[in-house]
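Inside the fold
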Amino acid sequence: MPFRLIEKFIETLSPATMARLARRTPPSVIRRMAAKHFRQTVRWAAARSPFYQRAFAARGLDPAKIRTPADLGDFYTTPDDLVANAEDFICAPPSIVFESSGTTGRNKRVYYSNDELHSIGVSSAVGLAMLGITAEDRIANAFDFNIWIPGMVAHYGCMATGAFSLAFGKVDPIEVYRRLEQYKFTVILGEPTWLIRLTELAEQHGARPLRFLVGSAEEMPPDAVRWMENVWKPARVVMSYGSVEIGGAIGFQPCLQIDGYHMDNVDYLTEILEPDADGYGEIVFTTLGRRVMPLLRYRTRDVARLISEPCPCGSNFPCMSKIRGRRDELIVASGGNLYPLMFQNILEPLPELTHDWQVVFKLEGVREIMEIHVESTNGATADALDPRLRSQITDQYPDLMKNLALGIFQMRLFVHRPGELRVGRKLKRLVDLRFAHADRAALAPGLSDIRS
Ligand SMILES: [Zn+2]
């Protein structure tokens, strides 16, 4: 049967049936479908989008001859292109626009049609079904309904599951907590820091048994998962990886066996740009179904690696690691190539610290200073914490400790009160003030002494 007929048939199925079918679809079939959709997307975009027409003409690329991402040579779409030229990507009339949270003034804009939003909802529902969420579940959707996308996408996903839901938006967690009993919710969706706050309420005032807490939009601290699952027994805490530009989620956690994500390779073709010796590089994706604003080889700035071994859970969807950091948060310092995840691993074993921290790189003369700013819940002093921090570095990153011991750079620890560091939705983890183009705006508000 031709793919087109198979695809028409699949569209008539329920998300639960699609999830079962998708699990059993041989990888070779998914690869062939992705290759076909890639070629169609390139031709569609090249025929209609001024941005792609200019980019292809400048490189002498003939869209009819593009069969694989590699055929596009050095062409990539960047976040800057979406800030400067978003409307030049549009290939068909949009129904809705989403903007990203931006730090540079102008936001990225991504346009979708009503049909595309519906399709994203169905894909999200298939992902939720793979986790084990069914039409019998009752979902509290506390993702943000701001101008950026997660609340709306999750809402379309909830609607497509057939489950009962309440679209809270990112309200005070107490509002959701108060309604747990009334609506008998079994699933709660929200950002990790929001879910952590909700769990604190439940720990203090009593929890109801839940089936799932689903997070997205930022990384979930690993020790928070164990604690949350204990409070909400028998709940599982799972994460997905998506963004305004991705639309839905490229990565999701349908099984317990991976410390990363299974990848949606039906809706996205994913590549890793400039992988290092361990395979870590920037995640680049091409949308395979979108017709309003197709994204070809879009650079996410997020760094992860693809996992080639099949997952023990038996799913045919390939896996990727957790996000190791933002490409623009990689700091090349005297201590080596430093990513946010390294510091998360170093700070995680110290239980009195909150999940908010920031590391600032400065120069004093020519001497490099690495300032680690943390928040302590029990008033611990820097003198008390410093030896334990150093022992974590010695255990986990001996090369970093070696450079520190050699005096190549200095490390200083600063302890703040809880809540002093966080600013807005995301706290930039690594801030580099060593050079003229330093991003001082990214400094946490509690660090005003460095600001001035
Ligand atoms: Zn798996």
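Values in this document were obtained by computation on a predicted structure and should not be read as measured data.

Turning our attention to the sheet that holds strand E11 (residues 281–287). Pairing in this open sheet of four strands is antiparallel, and the strands run E10-E11-E12-E15 from one edge to the other. At either margin of the open sheet sits one strand with a lone partner, and together these are strand E10 (268–273) and strand E15 (325–326). Two strands pair when backbone bridges link them, and E10 and E11 are joined in this way by six bridges, in the antiparallel orientation. Across the sheet, residue Leu269 finds its bridge partner in E11, namely Thr286.

Looking now at helix H3 (residues 27–48). If you check H3, its first and last C-alpha atoms are 31 Å apart, about what 22 residues at 1.5 Å a residue would give, namely 32 Å. Within the sequence span of H3, burial applies to Ile30, Met33, Ala34, Lys36, His37, Phe38, Thr41, Val42, Ala45 and Ala46.

Summarising the metal site, the zinc ion is bound by the protein donors Cys255 (SG), His262 (NE2), Cys311 (SG) and Cys313 (SG), whose distances to it range over 2.0 to 2.3 Å. Taken together, the four donor atoms coordinating the zinc ion and their angles of 107 to 113 degrees define a geometry best described as tetrahedral.

When cut into domains, the chain gives domain 1 (1–325) and domain 2 (330–451). Here the C-alpha centre of domain 2 lies 31 Å away from the C-alpha centre of domain 1. Across the boundary between the two partners, domain 1 contributes 14 residues, which contact nine residues of domain 2. Seen at the junction of domain 1 and domain 2, the total is zero residue pairs in polar contact (both at pLDDT 80 or more). Considering only residue class, the side of domain 1 that touches domain 2 consists of seven nonpolar, three polar and four charged.

Attention now goes to the side chain of Gln344. Topologically, Gln344 is positioned in helix H12 (residues 340–347). Apart from residues lying up to four places away in sequence, Gln344 is in contact with Pro221, Pro222 and Trp357.

Where strands meet in a sheet, backbone hydrogen bonds hold them as pairs that are either parallel or antiparallel. Pairing in this open sheet of nine strands is mixed, and the strands run E4-E3-E5-E6-E7-E8-E9-E14-E13 from one edge to the other. Each edge of the open sheet carries a strand with a single partner, namely strand E4 (164–167) and strand E13 (306–307). For E13 and strand E14 (residues 319–321), the ladder comprises two bridges, and the chain directions are antiparallel. What sits directly across from Leu306, in E14, is Met320. Its contacts with the sheet place helix H7 (residues 150–161) against strand E3 (138–141), E4 and strand E5 (187–190), and it is angled at close to 170 degrees to E3.

What follows deals with the pattern of salt bridges. Counted under the stated rule, the structure contains 22 salt bridges. One salt bridge in this structure joins Glu191 and Lys170, with 3.0 Å as the shortest N-O distance. Within this pair, whereas Glu191 is found in the loop between E5 and helix H10 (192–205), its partner Lys170 is found in the loop between E4 and helix H8 (173–178), the two being separated by 21 residues in sequence. Exposure remark for Glu191: the relative accessible area of 1% places this residue in the buried category. On the accessibility criterion, Lys170 (38% relative accessible area) is partly exposed. With a closest N to O distance of 3.5 Å, Glu181 and Arg208 form a salt bridge. Of the two residues, Glu181 sits in helix H9 (residues 180–183) while Arg208 sits in the loop between H10 and strand E6 (212–215), which places them 27 residues apart along the sequence. Salt bridges sharing common partners tie together Glu175, Arg178 and Arg179.

We now examine the packing of H3 against helix H4 (residues 50–59). At a minimum axis distance of 6 Å, the contact between H3 and H4 shows a crossing angle of 100 degrees. The angle between H3 and H4 falls in the class roughly perpendicular. Residues Val42, Ala45, Ala46, Ala47 and Arg48 of H3 pack against Pro50, Tyr52, Gln53 and Phe56 of H4. Split into classes, the residues belonging to the contact of H3 with H4 amount to seven nonpolar, one polar and one charged.

Turning next to the pairing of E11. Taken across its seven residues, E11 has seven buried, putting it largely inside the fold. As paired strands, E11 and strand E12 (residues 298–304) are joined by four bridges and run antiparallel to one another. For Val284, the partnering residue across the bridge sits in E12 and is Arg299.

All chains considered together, the criterion is met by 16 aromatic pairs. Taking the centre distance of 5.9 Å and the plane angle of 65 degrees together, the rings of Phe168 and Phe185 count as edge-to-face. Taken together, the residues Phe168 in the loop between E4 and H8 and Phe185 in the loop between H9 and E5 connect sequence positions 17 residues apart. Summarising the burial analysis for this pair, Phe168 and Phe185 share the class buried. The interplanar angle of 70 degrees and the centroid separation of 6.4 Å between the aromatic rings of Phe252 and Phe317 together place this pair among those described as edge-to-face. In this pair, Phe252 is assigned in strand E8 (residues 249–252) and Phe317 in the loop between E13 and E14, connecting sequence segments 65 residues apart. An aromatic cluster of three or more residues is present, and its members are Phe51, Tyr52, Phe56, Phe75 and Phe89. A cation over an aromatic ring shows up here: Arg299 above the ring of Tyr76, its NZ or CZ 6.0 Å from the ring centre. Sitting over the ring of Trp357, Arg429 keeps its end group 4.4 Å from the ring centre.

What counts, and where the lines are drawn
Residues numbered from 1 in each chain as written. Predicted model: local features only at pLDDT ≥ 70, side-chain atom pairs only at ≥ 80, totals over all residues. Heavy atoms only, no water. Pairing = 2+ DSSP bridges. Helix = DSSP H or I, 4+ residues; strand = E, 2+ residues; numbered from the N terminus. Expected span 1.5 Å × (residues − 1). Buried < 20%, exposed > 50% of the residue type's maximum accessible area, 1.4 Å probe, protein only. Donors = N, O, S within 2.8 Å, 3.2 Å for Na, K, Ca; no water. Tetrahedral: all angles 85-135°; square planar, octahedral: opposite > 155°, others 65-115°. Domains from an automatic or database assignment. Contact = heavy atoms within 4.5 Å. Polar contact = N/O pair within 3.5 Å; in protein donor to acceptor, adjacent residues only side chain to side chain. Nonpolar A, V, L, I, M, F, W, Y, C, P; charged D, E, K, R; others polar. Axes fitted to C-alpha atoms, helices over the stretch in contact; angles between N-to-C directions. Salt bridge = Lys/Arg side-chain N within 4 Å of Asp/Glu carboxyl O. Parallel < 35°, antiparallel > 145°, perpendicular 65-115°, else oblique. Phe/Tyr/Trp six-rings, centres within 6.5 Å; stacked < 30°, edge-to-face > 60°. Lys NZ or Arg CZ within 6 Å of the ring centre and 35° of its normal.

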